[in-house]
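# Geometric and topological summary
Each chain, letter by letter, is given below.
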Amino acid sequence: MVPMPASKPAVPLTVNDFTVLPLRPPPLPSYPQETNHYLYLRANAPKVPTEDTPREVFLVNVPVDTTEVHLRALFAEQLGGVRVESVGFEGTKRVGKGITAPVIAAIKRGRKRKRGVENYEAGAAGQEVGRLPEVWDREVHSSGGTAVVTFVDKASAEMAVKEARRAAKSGRQIVWGAGVEGKLPPLGSARYQAHHALRYPDPATLQQSVDDFMTAFSAREAVRAKELHRVRSVPDADGFVTVTRGARIAPGAREEDAGKKEEEGARKREKRKVGEDFYRFQVREKRKEQQLGLVRGFEEDQRRVEEMRRRRGKMRPE
Amino acid sequence: MAASGVKRRKLEHVSSDEDDDASFASFGESDEIVAEPLGDEDEGLEDVDDEDGSLADEAAGEPEDVENDKQNGEDVAKIATPRFIAAQQGQDRTDGAKARRAALDAGGGAYMTGTFKSNMFKLQVDELLEQIRPRRGKREEAAEEALHALKKTFDQVPARGSLLTDEAEQQLLKSSKVIVPFPQPRPPRDAKYKLEFAGPSSINVIGSYALKTNLRSKEALEIDMVVTMPSSLFQEKDYLNYRYFYKRAYYLACLAASIKDEPTEYDVQFADLHDDQLRPTLVVSPPKPPSNEDMVKQSPRWRINVIPSVSADVFSQDKLSPSRNCVRAAGDTKAGPTSFYNSSLRADALPPSYLKLLHNAASTCDGFRDACLLGSTWLRQRGFAARISAGGFGNFEWSALIALLLQGGGPNGKPILSEGYSIYQLFKATLQVLAMRDLSKTALVVGAGDAKPTGDGTPMLWDASRAHNVLYKVTPWAYSQLRQDARTSLTMLGDQLFDGFDATFIMRTDNPLLRYDYVVDIPASAILAEKGSYHKLFSTLKRGVGDRTSLVTMKTPPSALWRPGSRRSKPAPDASISVGIVVNSDTFNRTVDHGPPAESKAEAASFRKFWGEKAELRRFKDGSITESLVWGTGESGQTVLEQVVRFLLSRHIGQDAEQSASFVGHGFARLLRQGASMAAYSPLMEAYKQLETDIRGLERMPLSVRHIMPADPQLRYCSIRPPFDIAGRQRPTPANITIQFEGSTRWPDDVAAIQRTKIAFLLKLSELLQEASAAITARVGLENPSDESLNQAYLDIAYGSGAAFRMRIHHDREQTLLERQLKDKSLAPSSKEAAARALAAYKRDYIKAPAHTQAVARLCSRYPALSGTVRLLKKWFASHLLAHHIAEEVIELIAVRTFVQPWPWQTPSSVQTGFLRTLHWLARWDWRAEPLIVDLSGTGELKAAEVQAIRTRFEAWRKLDPSLNRIVLFAASSLDPDGTTWTDGRPQRVVAGRMTALAKAACAEVQEKQVALEPAGLFASPLSVFDFVLHLDPALSGGKQRKGASNGTTFKNLELAAQDDESMIGFDAAQLLLDELETLYGSAVLFFSGGSERPVIAGLWSPQTARRGWKMNLAYSTIPQRVRAKEETVRAEINKDAMLAEIARLGRELVERVEVSSR
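What counts and what doesn't
Residues numbered from 1 in each chain as written. Chains lettered and ligands numbered in written order. Predicted model: local features only at pLDDT ≥ 70, side-chain atom pairs only at ≥ 80, totals over all residues. Heavy atoms only, no water. UniProt positions renumbered as here; feature names shortened; annotations may be inferred. Helix = DSSP H or I, 4+ residues; strand = E, 2+ residues; numbered from the N terminus. Contact = heavy atoms within 4.5 Å. Areas by Shrake-Rupley, 256 points an atom, 1.4 Å probe, with all protein chains shown as cover. Buried < 20%, exposed > 50% of the residue type's maximum accessible area, 1.4 Å probe, protein only. Axes fitted to C-alpha atoms, helices over the stretch in contact; angles between N-to-C directions. Left-handed = near helix turned anticlockwise from the far one by under 90°. Nonpolar A, V, L, I, M, F, W, Y, C, P; charged D, E, K, R; others polar. Parallel < 35°, antiparallel > 145°, perpendicular 65-115°, else oblique. Phe/Tyr/Trp six-rings, centres within 6.5 Å; stacked < 30°, edge-to-face > 60°. Lys NZ or Arg CZ within 6 Å of the ring centre and 35° of its normal. Expected span 1.5 Å × (residues − 1). Arc of directions from axis to C-beta. Buried area = accessible area lost by both parts, 1.4 Å probe. Salt bridge = Lys/Arg side-chain N within 4 Å of Asp/Glu carboxyl O. Polar contact = N/O pair within 3.5 Å; in protein donor to acceptor, adjacent residues only side chain to side chain. Pairing = 2+ DSSP bridges. Core = buried A, V, L, I, M, F, W, Y, C linked by side-chain atoms within 4.5 Å. pLDDT = per-residue confidence, 0-100.

- The name given to chain B in an unreviewed UniProt entry is U3 small nucleolar RNA-associated protein 22, with Friedmanniomyces simplex as the source organism.
- The record in UniProt for chain B states the following under Subcellular location (unreviewed entry): "Nucleus, Nucleolus".
- The UniProt entry for chain B carries this comment under Sequence similarities (unreviewed entry): "Belongs to the NRAP family."

- If you look chain A up in an unreviewed UniProt entry, it shows as RRM domain-containing protein from Friedmanniomyces simplex.
- One UniProt comment on chain A, placed under Sequence similarities (unreviewed entry), says "Belongs to the RRP7 family."

## Re the overall build of chain A
- Helices and strands together make up the secondary structure of chain A, namely eight helices and seven strands.
- Looking at chain A alone, contacts between residues at least 24 apart form 64% of all its contacts between residues at least 6 apart.
- By element, 54% of the accessible surface of chain A is carried by carbon and sulfur atoms, the whole surface being about 18,700 Å².

## A word on the overall build of chain B
- Scanning chain B from terminus to terminus reveals 36 helices and 31 strands.
- For chain B, the proportion of its 1159 residues judged to be buried stands at 55%.
- For chain B, the proportion of contacts with a sequence separation of at least 24, taken over those separated by at least 6, is 70%.
- In the form shown here, chain B has an accessible surface area of approximately 49,100 Å², with 52% of it arising from carbon and sulfur atoms.

## With respect to the environment of Phe610 of chain B
Residue and element names in this part refer to chain B.
- Note that Phe610 resides in helix H21 (residues 601-611).
- Sequence-wise, Phe610 and Arg543 are 67 residues apart; in three dimensions their C-alpha atoms are separated by 9.2 Å.
- Those residues in contact with Phe610, other than ones at most four positions away along the chain, are Thr540, Arg543, Gly544, Leu648, Arg651 and His652.

## Things to note about the packing of helix H28 (residues 829-862) of chain B against helix H30 (residues 888-900) of chain B
Residues and elements named next belong to chain B.
- Following both chains from N to C, one finds H28 and H30 inclined at 35°, their axes separated by 12 Å at the closest point. For H28 against H30, the interelement crossing comes out left-handed. Residue-level inspection shows His852, Val856 and Leu859 of H28 in contact with H30, the latter providing Glu889, Glu892, Leu893, Val896 and Val900.
- For the contact of H28 with H30, the per-class residue count stands at five nonpolar, one polar and two charged.

## Some details on the packing of helix H16 (residues 423-436) of chain B against helix H17 (residues 476-494) of chain B
Residue and element names in this part refer to chain B.
- The N-to-C vectors of H16 and H17 enclose an angle of 130°; their axes lie 8 Å apart at closest approach. When the interaxial angle is binned, H16 and H17 end up oblique. The handedness of the crossing between H16 and H17 is left-handed. Contact residues: H16 offers Tyr424, Phe427, Lys428, Leu431, Gln432, Leu434, Ala435 and Met436, while H17 offers Tyr479, Leu482, Arg483, Ala486, Arg487, Ser489, Leu490 and Leu493.
- Within the contact of H16 with H17, the residues separate by chemical class into eleven nonpolar, two polar and three charged.

## Description of unusual backbone geometry
All names here are of chain B.
- Cis geometry marks the peptide bond from Trp903 to Pro904, where omega comes out at 0°.
- Structurally, Pro904 is set in the loop between H30 and helix H31 (911-924).
- Residue Pro987 follows Arg986 across a cis peptide bond; omega there is 0°.
- Inspection of the secondary structure assignment puts Pro987 in the loop between strand S24 (971-973) and helix H33 (989-1009).

## A look at the packing of aromatic side chains
- A full pass over the atoms with the stated rule returns 53 aromatic pairs over all chains.
- Look at Phe915 of chain B and Phe1019 of chain B: their rings are 5.5 Å apart centre to centre, the planes differ by 15°, and that puts the pair in the stacked class. Within this pair, whereas Phe915 of chain B is found in helix H31, its partner Phe1019 of chain B is found in the loop between H33 and strand S25 (1028-1032), the two being separated by 104 residues in sequence. The exposure classification of Phe915 of chain B matches that of Phe1019 of chain B, with both residues buried.
- Grouped by ring-pair contacts, the aromatic residues Phe182, Tyr193, Phe234, Tyr239, Tyr242, Tyr244, Phe245, Tyr246, Phe315 and Tyr341 of chain B constitute a single cluster.
- Of note, Arg779 of chain B hangs over the ring of Tyr200 of chain A, and the distance from its end group to the ring centre comes to 3.7 Å.
- In this arrangement the basic side chain of Arg806 of chain B is found over the ring face of Tyr794 of chain B, its NZ or CZ atom lying 4.1 Å from the centre.

## Re helix H13 (residues 351-364) of chain B
Residue and element names in this part refer to chain B.
- The terminal C-alpha atoms of H13 lie 20 Å apart, and with 14 residues this matches the ideal 20 Å at 1.5 Å per residue to within 8%.
- Where H13 is concerned, the buried positions are Pro351, Tyr354, Leu357, Leu358, Ala361 and Ala362. Taken around the axis of H13, the buried residues stretch over an arc of 130°, which confines them to a single face.

## Things to note about helix H36 (residues 1136-1147) of chain B
Residues and elements named next belong to chain B.
- Here H36 contains twelve residues, and its C-alpha end-to-end distance of 16 Å stays within 8% of the 16 Å for a straight helix at 1.5 Å per residue.
- With eleven of its twelve residues buried, H36 lies for the most part within the structure.
- Taken together, the buried positions of H36 are Asp1137, Ala1138, Met1139, Leu1140, Ala1141, Glu1142, Ile1143, Ala1144, Arg1145, Leu1146 and Gly1147.
- The positive-phi residue at the C-terminal boundary of H36 is Arg1148, with phi of around 40°.

## Points about the interface of chain B and chain A
- The interface is formed by 127 residues belonging to chain B together with 103 residues belonging to chain A.
- Summed over both sides, the interface between chain B and chain A buries roughly 10,400 Å², with carbon and sulfur atoms accounting for 58% of that surface.
- Seen at the junction of chain B and chain A, the total is three salt bridges.
- For the salt bridge of Arg1145 of chain B with Asp65 of chain A, the shortest nitrogen-to-oxygen distance reads 2.6 Å.
- Here chain B and chain A share 21 residue pairs in polar contact (both at pLDDT 80 or more) between them.

## Thoughts on the sheet that holds strand S19 (residues 735-741) of chain B
Residue and element names in this part refer to chain B.
- As summarised here, the arrangement of the five strands in space is S18-S19-S22-S21-S20, forming an open sheet in which the pairing is mixed. Of all the strands in the sheet, just strand S18 (705-710) and strand S20 (776-782) have a single pairing partner and so form its edges. For this sheet the average axis-to-axis angle between neighbouring strands, irrespective of direction, equals 25°.
- Pairing of S19 with strand S22 (residues 804-810) involves six bridges; the strand directions are parallel. The residue bridging Ile737 from the neighbouring strand is Met807, located in S22.
- Packed onto the sheet, helix H25 (residues 682-696) meets S18, S19, S20, strand S21 (793-799) and S22 and runs at close to 165° relative to S18.

## Brief notes about the pairing of strand S11 (residues 518-523) of chain B
All names here are of chain B.
- Counting buried residues along S11, five of its six residues qualify, which places the element largely inside the surrounding structure.
- Note that S11 and strand S13 (residues 576-583) share six bridges and pair antiparallel. Residue pairing in the sheet places Ile522 in a bridge with Ile577 of S13.
- In terms of strand pairing, S11 meets strand S17 (residues 662-664) through three bridges, oriented antiparallel. Residue Val520 lies in a different strand from S17, and its bridge partner there is Phe663.

## Overview of the nonpolar core
Residues and elements named next belong to chain B.
- Of all hydrophobic cores here, the largest spans 172 residues; its most connected members are Phe805, Phe915, Leu922 and Leu1018.
- The dominant element in this core, judged by the number of residues it contributes, is H28, at ten residues.
- In terms of nonpolar packing, the next biggest core, distinct from the first, is built from 59 residues, Ile132, Cys372, Ile402 and Leu405 among them.

## Quick word on the pattern of salt bridges
- Scanning all chains against the criterion turns up 69 salt bridges over all chains.
- A salt bridge links Glu163 of chain A to Arg172 of chain A, with the shortest nitrogen-to-oxygen separation between them at 3.6 Å.
- For Arg172 of chain A, a relative accessible area of 37% gives the class partly exposed.
- Across the pair Asp593 of chain B and Arg590 of chain B runs a salt bridge whose closest N-O atoms are separated by 2.8 Å.
- You can call Asp593 of chain B buried: its relative accessible area is 9%.
- Among the ionic contacts, a cluster of salt bridges with common partners joins Arg716, Lys874, Glu888, Glu889 and Glu892 of chain B.

## Section: the confidence of the model for chain A
Residue and element names in this part refer to chain A.
- Overall, the predicted model of chain A reaches an average pLDDT of 76, with 79% of residues at or above 70.
- Confidence over residues 1-8 falls short of pLDDT 50; this stretch has 13 contacts with residues more than four positions distant or in other chains.
- Below a pLDDT of 50 lies the segment residues 92-126, which in the model reaches 60 contacts outside its immediate sequence neighbourhood of four places, other chains included.

## Remarks on the sheet that holds strand S10 (residues 468-469) of chain B
- Spatial strand order, S8-S9-S10 (chain B): three strands in an open sheet with mixed pairing. For this open sheet the edge positions go to strand S8 (444-446) and S10 of chain B, each flanked by a neighbour on one side alone.

Take a look at the structure:
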């Protein structure tokens, strides 16, 4: 049971250079307790600032159900009426320290990207095509996650942080989720039902997305093949020709071919080999090997019994 | 301590040298010397270690020792010295094969030459013998002191004059308050013969204590003391009509009186020797200490059985042969043979003779004593003992059997066993004799002579030179159990992949719930407590159940001890006879029994007589007219077997017995929906076949189909619930299948592009399928949106009948591409990791899962009880909220193991035994040090080399990950030698620990309650152990239907329509919520879900969320706190309240209530 914050040492107003803003989510019948959620915010200070940096505010520990609508409403209605331009949520996965929980590691909530197309300089740079349809109507975020809020101008950003500090100091209650009613798809089973429906997109849409993807893909392949061909045939400045994997043989056939060659080679090698019992030293060595194997096996067994005894104590009938 | 240790080492070494002369006497002595300075048993271990060390030292120091040691097979420690090995090789060159053999004998190789199962086995047996050999301690000293005191007392008892029975009894009662323990029937009032007492002609200690073949155990030490009555007391005809036994009882009463008269501190009671009421004995035990707990523990526990005996030449051995009658009323000459009575009397005359036999065997055969110890252990673990109620086959019978087989019993009177056999060979060959020969049909005769079994099922081991049937008190029911156990043990010892040591000597296998499929408990009071009535019950049941069972056996209540001053005690009122039944899983539910045809008159008459009004003459489809029996199909709640047994009880034993009998065994199968039968799966299986034909019949497919493979628990008879309800009330869960097309060069050469191409294929397939049949609805669904190398889409195919399938395309090029990515050195570690994950998923979903499904489905049809066992086990895991941690395939492997490696039992033939034995194994499974290896072929295709490879892999994993962060359970099979396919990262160690703890608790419950066990009780565990519990809305979470409509607006037809809606197939809100919670809070909370069995999700806060310095990137919600006011450092405390509130918001109406444990 978590002790109520009141009985604990006081919650500080700031942590490092973050302002601590307590939020009060309205209680639900299933969990009627009054709770405080602590949001940390400060002006954004990335290692490599961009021109938008002065307009940005960095949030830590956003509630899992945060949406852009939530943050717009929060700043517009409860924190000085400043206007939010956009919100970027932390997209990377989170892995707890020490545990490599594969469940978490396996799931990435990144935006869908056509990485291949983007990375390849000759392709349609930056343009995403053939994305599969979204399957959620509303994203949720990992607990303790971060977000970057971009305001319309620098003044608004400063205002927002100042207002948050004042609200925290005065102990004014900030209600989480006020002013978003009706603007968002609901959570709970309705959201899961929507998800279930979204997982089965219209076949035509799906076909279209696949077609787009495959067109882009074959274009990319064609460009790449051309590029490889060029590299292969034209010597570079030093007069060297780069060796690349040729695309002459179709992939399936190539694979089969390699397998066959290997098999043939193995057969040939087999033929050339001298029988195992040909030389006397071979027989002797084999025998020696066998004996050593016995001894080793015995030692191994002894060790195992020893181990067993250590683990279970004395061997006694139950 | 150090000084004594050195001394001991010397002594011990001397003794081990003496082993060469095979002098058991000297061995025993040295054992005593060693044991003497030891106060407590724990030091025994150090002792052994010391010995090993000294031997190794010595071997290294004295090279000339090497030759001598070659003969000494026991000194295994020397193998480690390199010089020894060199010597071996030197010999090799000169002497060839013979020398090699000697060298092998000398070293560890001796154990490999067939004298033992394996090195492991031999080492463990040595270790065990070390622990069970008798040792002289305080208890033994106290007992021997008592022996001397008793002898002195008995030698000084004055003779009593001869009196008529009544007078003698009265006098003894008056003078010493001892009631003579006459056997039933009591001597007649007008008996003419007289009873008298005279000092014993000799007093001896016999039995296992004298031979040093008694087990060292926590139970009381038993010593048999034989008091030979002087021959002068008996007349030639006293063997008739119990006269000998009356005189014996009087003699015993006089001995009891003599102890009572003496001011000794011992406790004296009467008891029936081995439950044989003809032969009461006097039990002398240490005085009961005042009711002080400590004293009870401290007092050495022993008991001395004083057994009166008679010299062998008093009665003619011919008159007492098993075929003669010795109890008859005057003038009655037709009475049948009284074999038990005769042998009982013979047994009283033979103790010294058998002591001599056993002693001889011990001195001529090296392994005899140890083989006896092993045999006693084996019998004890299986619940056999010399008492008739425990089977009548005990330590003595085992040793006598070996001793006799060393003398003869083979063809032409040649011995079956040889004195040169090793301990293990003696043990195994004796088991072989027990298993292979049915001594109740053909007697085993040792020595010159001939004997026939008595015919009532009692085995006959005829010792011709002593004219005695050694096994006369083994009951027919215990004998069939004994043979069964011997057979099982033999097969087990023959299983090369299984180290049968634990199952042979360590595990107790006598728990009736684990041993039998059905147990019938009948109160002893409902059955007349005569010997004949038990036999009648047994033979009636055995005949009645016939081939429905493979074993019927019973356990009768033991007789109790009683004080000399009181009458022989009646059996306790709550005593009961329990009948254990092992069913034949093919036939036990047969509803129509065919009897003999009407033409064979005699048989038909006997059939009618046996079954009474139940027998009907019927004409069957094939034209035959036979007597037959028709049973109900089990709708009445009673299985066919129960109906049969109840009918037999009421017809042949009595209404009382039928009314009061309780029947255990069907309770577990009843816990499963639609029962344990596999019939519920046939609609799905048929639909699957239909689908296969439908797909193969499609025209205009771009590529032809190579394989369609099932890959789902529903398609291997293993889902907790049967696939779809007959009533159609339950939404079907789509069953996974994979489809593979013929190879084509037109597939793209990129993993992501392959996934998109698959979508195109599925779209085409869905179009074609819907065109082909109106009964099919097919939709393409998306999955794994975040990882492009994983499968992106599947095709849901629903049939109008209610069956649903989820199809994924298997394309083998993916594997090559992913493997290439793994090998690519230029790739970033993170994408390599992703490739490894994708590869593992590929192998699991497309290669391992279909193969596993096929293998398990095949095993399910081979072992009818397997399907039910797996389903029950899955239910157990789900009920304890472990279901989503432990993969279904692992649970299946665990259950299959019980069937393909059933030792120390036979393959389970019912859900109850299958389930309980699996739990029993689970409780003992030390997953830290032992891999789970299952042969899924079921036909022994797994070879020793493969097992070795799996073990090596297991050990490599343990070395790589010693703290068990990634692989906790290692579950390999003949199809999956990797062993990590289903257990990579899941379950975590704490979950596996909980699994073991729960299994242990369940086994303790089974052990404690035995037949009174309530099956449902094993499936409940308190939720209070968790930090918080989310109670889900059962209706919304897809579990049970909400009971009754909550308000008037819900209409039944709307409800049904909503469920019938095919677009909702595969929707499971609770599962989606759980997955999301794990994604969002996985690093801070460990979630437990009850799946479909219990609508709750429970959670434990991870210990990693303890209070710590505040930082930005903690993966959970926090409260900032200043440790002390005015201090700079700020701590982060996990904000549990806010997180629970978030979860409540996330689940909204799915979560009915969040309960926080008040711990």
